[in-house]
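# Chain and residue survey
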Amino acid sequence: MTHKERMLRAARGQRPDQLPWVPRIDLWYNSNSMRGTLPPPFKRDATIDEVADHIGGGYHKIVPEFLNVRSPDDTIDRGLGVYRLRGMAYRPELVGVDREVKKEGDATFVTYHTPVGSVSCKILHTEEMKRAGASITWISEPVIKEAKDYRVVGHIFKKIKIHPDYDNYREFRDKVGDKGYAAAFNNIASGPMHHIMKEFLDATRFYLELYDHPRELRQLSEDMAPYYDQIGRVLADSPAEVVFGGGNYDEMITYPPFFKEHILPYLQKLADLLHSKGKLLQTHCDGENKGLLGLLAESGMDIAEAVCPQPMTKVTITDVKKSSKIRSRSSEGYHPSCCSKRACRIKNLRGS
């Protein structure tokens, strides 16, 4: 049985021939590769896949390679949380927006000019970040700095067009081969409000803004909803077997009422759409999730990736299993191609 077969069997509740082992080593690899400190027997220019082959692991192809760009256009809209990365199954197009780019040392300044105003951001990728193995650049100045910026950012997102880029995904999938499954990237966030929190405002300022400018913030969330809907439809029709969408949940930052109102509906909507096409939804469940376990179980996700147990958090593996009532399931008990209804899917997950 190949690494890919083992991973997919486990994800579908079936028993593989052995426990899948697919370590995520990109942070370690990025840091050591940049500093020239990859240990023997690896050469300085060894690839991450060569390292995985040497240690006998599968290929962890879940989180996109945000720094391995083909051109600056791939990540120029990092400040908007909009990407055009290697292996993605869709390509976003900004319509009716003039982009002005200026570079100064380790910083990239991007200004967006629209008919309703302009916004700007500053992106950093320093030598210190590179040495530490950072896998993505840092937004040091977000696009939203004052209340009037909400309308401008909303205008940008309302005009974005999402185009299928299936050949780009197929090239990625074929390169991964049977060493793992090639997850199609949806978004870093799980819905518009989560996107605003992660990409446009830090957590503290987000909640201050939610109190000071609730109308503007909620309007921006509505303006961004079609962007997420477009991506979901394109991914549902893509050649991918697994879609990776959202993550970084925390019981204090994305506390239960917030999660239930702003994240859960988008995960459920995406899960239903993907399941109707026989695909699996994977999401990044790191962070302190003890207070969110019940909601995560309701989300419709098939794969909870990067679950952080004790001692890093208060959650135990037993807690995770109990919350989702995951039991051993036979191959006859799970049919992702037909589980477009959440009730059917939850029944299968609970083994009842």
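Being a predicted model, the structure only gives us computed values, none of them experimental.

### Focus: the nonpolar core
The biggest cluster of nonpolar side chains holds 82 residues, and the ones touching the most others in it are Tyr112 and Phe200. With nine residues, helix α9 (residues 214-236) is the largest single contributor of residues to this core. By size, the runner-up hydrophobic cluster in this structure holds six residues, among which are Leu38, Phe42, Ala46 and Val51.

### Remarks on empty space enclosed by the protein
Applying the stated rule across the entire model yields one cavity of 30 Å³ or more. Around the largest cavity, the lining residues are Lys4, Tyr169, Arg173, Tyr181, Ala182, Glu241 and Val242. Split by residue class, the lining of the largest cavity holds four nonpolar, no polar and three charged.

### With respect to the sheet that holds strand β10 (residues 303-305)
The parallel open sheet is built from four strands, whose spatial order is β7-β8-β9-β10. Of all strands in the sheet, those with a lone pairing partner are β7 (184-187) and β10, marking the two edges. Averaged over all pairs of adjacent strands, the angle between their axes in this sheet comes to 25 degrees, without regard to strand direction. Pairing of β7 with strand β8 (residues 242-247), which is carried by three bridges, proceeds in the parallel orientation. Directly across from Asn187, in β8, lies its bridge partner Gly245. Sheet strands in contact with α9 are β7 and β8, and its direction is about 165 degrees off that of β7.

### Quick notes on the sheet that holds strand β4 (residues 117-124)
Strand pairing in a sheet is mediated by backbone hydrogen bonds. Such pairs are either parallel or antiparallel. Taken in spatial order, the four strands make up an open sheet running β2-β3-β4-β5, and their pairing is antiparallel. Each having just a single partner strand, β2 (98-104) and β5 (138-141) make up the two edges of the open sheet. Taken over all neighbouring pairs, the strand axes of this sheet differ in orientation by 30 degrees on average, direction set aside. Pairing of β2 with strand β3 (residues 107-114) involves seven bridges; the strand directions are antiparallel. Bridged to Arg99 within β3 is Tyr112. Relative to the sheet, helix α5 (residues 149-159) contacts β3 and β4, its axis offset from that of β4 by approximately 85 degrees.

### Observations regarding the packing of α5 against α9
One can describe the packing of α5 onto α9 by two numbers: an axis separation of 8 Å at closest approach and a directional angle of 10 degrees. Classified by the angle between their axes, α5 and α9 sit roughly parallel to one another. Where α5 approaches α9, its residues Tyr150, Val153, Gly154, Phe157 and Lys158 are matched on the opposing element by Glu216, Leu217, Leu220, Asp223, Met224 and Tyr227. A per-class count over the contact of α5 with α9 returns seven nonpolar, one polar and three charged.

### Things to note about the packing of aromatic side chains
Aromatic ring pairs are reported here in terms of the distance separating the ring centres and the angle at which the planes meet. Counting across every chain of the model gives 15 aromatic pairs. Measuring from centroid to centroid gives 5.1 Å for Phe157 and Tyr227, while their planes differ by 85 degrees, and the two rings are edge-to-face. With Phe157 in helix α5 and Tyr227 in helix α9, this residue pair connects regions lying 70 residues apart in the sequence. Like Phe157, the residue Tyr227 is buried in the burial classification. Arranged with centres 5.9 Å apart and planes meeting at 50 degrees, the rings of Tyr207 and Tyr255 form a pair that is tilted. A residue pair is termed long-range when its members are at least 10 positions apart, and Tyr207 in helix α8 (residues 203-212) and Tyr255 in the loop between β8 and α10 (256-275) qualify at 48 residues. Its relative accessible area of 24% is what places Tyr207 among the partly exposed residues. We classify Tyr255 as partly exposed; its relative accessible area is 32%.

### Comments concerning the side chain of Thr114
Residue position: Thr114 is located in strand β3. Given the relative accessible area of 13%, Thr114 is considered buried. Within the local environment of Thr114, its side chain forms a polar contact with the backbone oxygen of Gly117, the two atoms lying 2.7 Å apart. If sequence neighbours within four positions are ignored, Thr114 has contacts with Gly96, Val97, Val152, His155 and Ile156.

Calculation rules
For every chain, the first residue of the written sequence is number 1, and numbering continues from 1 along that sequence. For a predicted model such as this one, the threshold for reporting local features is a pLDDT of at least 70, and the threshold for listing and counting side-chain atom pairs is 80 or more; totals across whole chains, interfaces and linings nevertheless cover every residue. The basis for every side-chain value is the complete set of heavy atoms in the structure, and neither hydrogens nor water enter the calculation. Here, nonpolar core refers to any group of buried Ala, Val, Leu, Ile, Met, Phe, Trp, Tyr and Cys residues whose side-chain atoms link them within 4.5 Å. Burial classes: relative accessible area under 20% of the type maximum marks a residue as buried, over 50% as exposed, and values in between as partly exposed (1.4 Å probe, protein chains only). Elements are defined by DSSP. Helices are runs of H or I of four residues or more, strands are runs of E of two residues or more, and each kind is numbered from the N terminus. Cavity: a set of points on a 1 Å grid over the protein atoms alone where a 1.4 Å probe fits but cannot get out. Pocket: an open set with protein on both sides within 12 Å along at least five of seven lines, its lining residues, like those of a cavity, having an atom within 4 Å of a point. Grid points are joined across faces, edges and corners, and a volume is the space filled by probe spheres set on the points. Under the scheme applied, nonpolar residues are Ala, Val, Leu, Ile, Met, Phe, Trp, Tyr, Cys and Pro; charged residues are Asp, Glu, Lys and Arg; polar residues are all the others, including Gly. Strand pairing is defined by DSSP finding a minimum of two bridges between the two strands. For every element, the axis is a line fit to its C-alpha atoms; helices are fit only across the contacting stretch, and the angle between N-to-C directions ranges from 0 to 180 degrees. Contacts are residue-level and defined by heavy atoms, with any inter-residue pair within 4.5 Å sufficient. Orientation is classified from the angle alone, with under 35 degrees giving roughly parallel, over 145 giving roughly antiparallel, 65 to 115 giving roughly perpendicular, and any other angle giving oblique. Here is the rule: rings of Phe, Tyr and Trp (six-membered ring for Trp) pair when centre to centre is within 6.5 Å. Planes less than 30 degrees apart are stacked, more than 60 are edge-to-face, and the remainder are tilted. Any N or O atom pair separated by 3.5 Å or less is treated as a polar contact, with the protein-specific requirement of one donor-capable and one acceptor-capable atom, and with residues adjacent in sequence counted only for side-chain atom pairs.

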